[in-house]
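Listed below are the residues making up each chain.
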Amino acid sequence: MSTDTEALRTAPAPSPLLGWPGAVAAAEPDAAVAAHYGDPLREQRLATTGAALVDRSNREVVRITGPDRLTWLHSITSQHLSQLAPMHGTEALVLSPHGHVEHHLVLADDGAAVWIDVEPTTSGRLLSFLRSMQFMLRVEPTEVTEGVAVLSLVGPRADEVAAAVFGADTVPAAGGGAGTATSAGAVTTGPYPVGQAGAAGEGHRPLLRRMPYGLDLLVPRADLAATADRLRAAGATPAGLGAFEALRIADRRPRLNRETDHRTIPHEVGWLTNAVHLDKGCYRGQETVARVHNLGRPPRRLVLLHLDGMVAAPGCAVTAGGRAVGFVGSSEMHHELGPIALAVVKRSTGAGAPLVVTDPDGAQVAATIDPEAELAAPTRPAGRLHRPGTEG
């Protein structure tokens, strides 16, 4: 397959869970999964009080095998991966030479391979980049979206449901993850624990990855419907991608190609805390990461907006006093907060500034920036290992 074909490949086929009662397909690029199953606000509430099963099989998956896989990924991404222990995962970025975000990766290493899931329609370009960087190293990146699918369990009963289906010993322990504050005021990034179900010698054995929002399950796509049925029988309630997105927006977690554009650098959207390791260098875009972090002056910032009465379409312009200051990335109706959105705005935009969001059809919606403090960011200097004679 040519790299051009890989870059333009289509998203996964429609999920079999779209056949469940009440399912309404999401908009592109998420049309392969359900936006909701008839009652999106109830689905959100269940995701905060019980166990919600979210079909995220629209995500694409790349598998990397070979003994050099972790040191190789360490050298070409923003994350410190050379010492990632087996049965752990993390997040990483692929940056341009100028430090702009090109790919956001969520990883899980099972001791024999790294499994990377990414946004819909992006795996082809990622795979082309990875293959261009192979050189003579012992690595083999492969597209496996047709064989592996992603589900997520969200809510306080997520572990209970996962244990009932996969076994208690396969559910990764809580703790770790992104955004752990230290006594010195820095924010550290811990690896995400991973568990594995099934017997050795089987095909793809389901992986369970602990995430800040719950559990991600990487399961055989051929077993997607059967696995989802088992999770429902164990007490999980179906929740559409809209519910997952509303909670993501409220948590101010960015999404590639929604809260990012061709100019985005990691500092603007909060990825320094969970997808960038500030004490490593020698990767593409590192100079920009270190310079902007040490100066503390990213040109834009991610904010949570409260909208007056209605949600906004992705890409809507945000203005203040008639001047453009940013754009809306994602917007959903939240079960407690009402219509909310994540937006990327100029750093100089004040928290109390009256804003206007304009839809493509010209309709205007008043918006205000959430008054709560912005997400914590690392305070230590960047690039301490980026000097001769130290590890990159």
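In this report, the structure presented in the accompanying data block is examined. Once a new chain begins, its residue numbering starts again from 1 and follows that chain's sequence as written. Whole-chain, interface and lining totals are the exception, using all residues; otherwise, since this is a predicted model, local features are given only for residues with pLDDT of at least 70 and side-chain atom pairs are given and counted only at 80 or more. Side-chain figures throughout are based on the complete set of non-hydrogen atoms in the structure, without hydrogens or water.

Moving on to unusual backbone geometry. Looking along the chain, the bond that leaves Glu-28 and enters Pro-29 is cis, with omega of 5°. Helix and strand definitions follow DSSP, with helices as H or I runs of at least four residues and strands as E runs of at least two, each counted in order from the N terminus. Looking at the secondary structure, you find Pro-29 in the loop between strand 1 (24-25) and strand 2 (34-36). Even without glycine at this site, Thr-121 takes up a positive phi of about 70°. Structurally, Thr-121 can be placed in the loop between strand 7 (113-118) and helix 4 (123-132). A positive phi angle is found at Arg-252, which is not glycine, with a value near 60°. Position of Arg-252 among the secondary structure elements: in the loop between helix 7 (241-250) and helix 8 (266-269).

Time to look at the pattern of salt bridges. Take a side-chain nitrogen of Lys or Arg and a carboxyl oxygen of Asp or Glu: if they are within 4 Å of each other, that pair is a salt bridge. Throughout the structure, instances matching the rule amount to 20 salt bridges. Arg-59 is paired through a salt bridge with Glu-119; the nearest N and O atoms lie 3.6 Å apart. Of this pair, Arg-59 sits in the loop between strand 3 (52-55) and strand 4 (60-65) while Glu-119 sits in the loop between strand 7 and helix 4, placing them 60 residues apart in sequence. Exposure is judged per residue with a 1.4 Å probe applied to protein chains only, and the accessible area is read against the type maximum: over 50% gives exposed, under 20% gives buried, and values in between give partly exposed. Taking the relative accessible area as the measure of exposure, Arg-59 reaches 6% and is therefore buried. Given the relative accessible area of 9%, Glu-119 is considered buried. Arg-255 is the partner of Glu-245 in a salt bridge, and the nearest nitrogen-oxygen pair spans 3.3 Å. One end of the pair, Glu-245, is in helix 7; the other, Arg-255, is in the loop between helix 7 and helix 8, with ten residues separating them in the sequence. Neither residue differs from the other here; Glu-245 and Arg-255 are each classed as buried.

Now for the pairing of strand 17 (residues 317-320). Strand pairing requires that DSSP identify at least two bridges connecting the strands. In this sheet, strand 18 (residues 323-334) lies alongside strand 17 in antiparallel orientation, the contact comprising four bridges. Bridge pairing links Ala-320 to Arg-323 in strand 18. Counting the residues in the hairpin turn of strand 17 and strand 18 gives two residues, including Gly-321, whose phi is positive at 60°. Here strand 17 runs beside strand 20 (residues 355-358); their pairing, made up of three bridges, is antiparallel. Bridge pairing in strand 20 places Ala-317 opposite Thr-358.

Positionally, Arg-248 belongs in helix 7. For Arg-248, the contacting residues outside a window of four places in its chain are Arg-253, Pro-254, Arg-255, Glu-259, Ser-330 and Leu-342. The criterion used for residue contact is that any of the two residues' heavy atoms lie within 4.5 Å.

So, about a nonpolar patch on the surface. A contiguous nonpolar patch, built from Leu-41, Val-311 and Met-333 and spanning about 200 Å² of accessible area, is present on the exposed surface. With respect to the helices, strands and loops of the structure, Met-333 is situated in strand 18. What makes a patch is a set of residues exposed beyond 30% relative accessible area and free of salt bridges, joined within 9 Å when like-charged and within 5 Å when nonpolar (Val, Leu, Ile, Met, Phe, Trp, Tyr). Per-residue and other accessible areas were derived by the Shrake-Rupley procedure at a 1.4 Å probe size, with only the shown protein chains allowed to occlude residues.

Okay, the pairing of strand 6 (residues 101-109) next. The element strand 6 is extensively covered by neighbouring structure, given that eight of its nine residues are classed as buried. Taken together, the eight bridges between strand 5 (residues 88-95) and strand 6 define a ladder with antiparallel strand orientation. Looking at strand 6, one finds that His-88 is bridged to Asp-109. The antiparallel pairing of strand 5 with strand 6 creates a hairpin that spans five residues between the two strands, and Gly-99 there sits at a positive phi of about 90°. Inspection of the sheet shows strand 6 paired to strand 7 by four bridges, in the antiparallel sense. Within the sheet, the bridge partner assigned to Leu-107 lies in strand 7 and is Ile-116. As consecutive antiparallel partners, strand 6 and strand 7 are separated by three residues, and within that stretch Gly-111 has a phi angle of approximately 95°, a positive value.

This next bit is on the nonpolar core. Definition used in this section: a nonpolar core is a set of buried Ala, Val, Leu, Ile, Met, Phe, Trp, Tyr and Cys residues joined via side-chain atoms within 4.5 Å. Of all hydrophobic cores here, the largest spans 24 residues; its most connected members are Leu-53, Leu-151, Leu-153, Ala-162, Phe-166, Leu-217 and Leu-231. For this core, the leading source of residues is helix 5 (residues 158-166), giving five residues. Beyond its immediate chain neighbours, meaning those up to four positions away, Leu-53 contacts Trp-20, Leu-151, Ser-152, Leu-153, Ala-228, Leu-231, Arg-232, Ala-236, Thr-237, Pro-238 and Ala-239. Listed in part, the 20 residues of the second largest apolar core include Val-94, Leu-105, Val-114 and Val-139.

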